[in-house]
Amino acid sequence: QVPLVESGGGLVQPGGSLRLSCAASGSIFRINTMGWYRQAPGKQRELVAAITSGGSTNYADSVKGRFTISRDNAKNTVLLQMNSLKPEDTAVYYCHAEMVYGSSWYKPRDYWGQGTQVTVSS
């Protein structure tokens, strides 16, 4: 099983900032896209931000101008800088990676972290 480990979640006041980090390790042959999803209680999981191997980014409309996604290909790491946080940002945030893992002959697959809680207090 692929280790895809998140860190950086926590409790923050409205208007504050957090930085989430996710690192993949093991027999990684290629990482195509990395990103962050979130799921609030009673709601479906939604895409927050994603970044391709070439550096192209995509953001949910609700976070544009506030969140910034970046990656370090040498370290197989993706970061999410979250500024101007709002109570509606409260959710479990999940790291996602589409990777060729284990063998160069394998097709890319979707891998998920275990999630980290982000709470923006009212």
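Residues numbered from 1 in each chain as written. Predicted model: local features only at pLDDT ≥ 70, side-chain atom pairs only at ≥ 80, totals over all residues. Heavy atoms only, no water.

> Any details on the pairing of strand S3 (residues 18-24)? Residues and values, ideally.
The two faces of S3 differ: Leu 18, Leu 20, Cys 22 and Ala 24 on one face are buried, but Arg 19, Ser 21 and Ala 23 on the other face are not. Relative to S3, strand S1 (residues 4-7) is paired through four bridges, and the arrangement is antiparallel. Residue pairing for S3: Glu 6 is matched across the bridge by Cys 22. As judged from the six bridges shared by S3 and strand S8 (residues 77-82), these two strands associate in the antiparallel manner. Paired with Arg 19 across the two strands is Gln 81, which belongs to S8. (Buried < 20%, exposed > 50% of the residue type's maximum accessible area, 1.4 Å probe, protein only. Helix = DSSP H or I, 4+ residues; strand = E, 2+ residues; numbered from the N terminus. Pairing = 2+ DSSP bridges.)

> I'd like to hear about the pattern of salt bridges, residue by residue, with values.
For the coordinates displayed, the defined rule picks out four salt bridges. Between Asp 61 and Lys 64 there is a salt bridge whose closest N-O contact spans 3.1 Å. This pair shows no difference in class: Asp 61 is exposed, exactly as Lys 64 is. A salt bridge links Asp 89 to Arg 66, with the shortest nitrogen-to-oxygen separation between them at 2.8 Å. Placement of the pair is Asp 89 in the loop between S8 and strand S9 (91-101) and Arg 66 in the loop between strand S6 (57-59) and strand S7 (67-72), with a sequence separation of 23 residues. When sorted by exposure, Asp 89 lands in the same class as Arg 66, which is buried. One network of salt bridges, with partners in common, ties together Arg 38, Glu 46, Arg 66 and Asp 89. (Salt bridge = Lys/Arg side-chain N within 4 Å of Asp/Glu carboxyl O.)

> An account of the packing of aromatic side chains is needed here, citing residue identities and associated values.
Under the counting rule described, the total for this entry stands at two aromatic pairs. An angle of 65° between the planes, with centres 5.0 Å apart, marks the rings of Tyr 37 and Trp 112 as edge-to-face. Taken together, the residues span a long stretch of sequence, with Tyr 37 in strand S4 (residues 28-39) and Trp 112 in strand S10 (residues 109-112) at a distance of 75 residues. Given a relative accessible area of 22%, Tyr 37 falls into the partly exposed group. Centre to centre, the rings of Tyr 101 and Tyr 111 are 6.0 Å apart; their planes meet at 55°, and the pair counts as tilted. One end of the pair, Tyr 101, is in strand S9; the other, Tyr 111, is in strand S10, and 10 residues separate them in sequence. In this pair, the class of Tyr 101 matches that of Tyr 111, namely buried. Over the face of the ring belonging to Trp 112 we find Arg 45, whose NZ or CZ atom lies 4.9 Å from the ring centre. (Phe/Tyr/Trp six-rings, centres within 6.5 Å; stacked < 30°, edge-to-face > 60°. Lys NZ or Arg CZ within 6 Å of the ring centre and 35° of its normal.)

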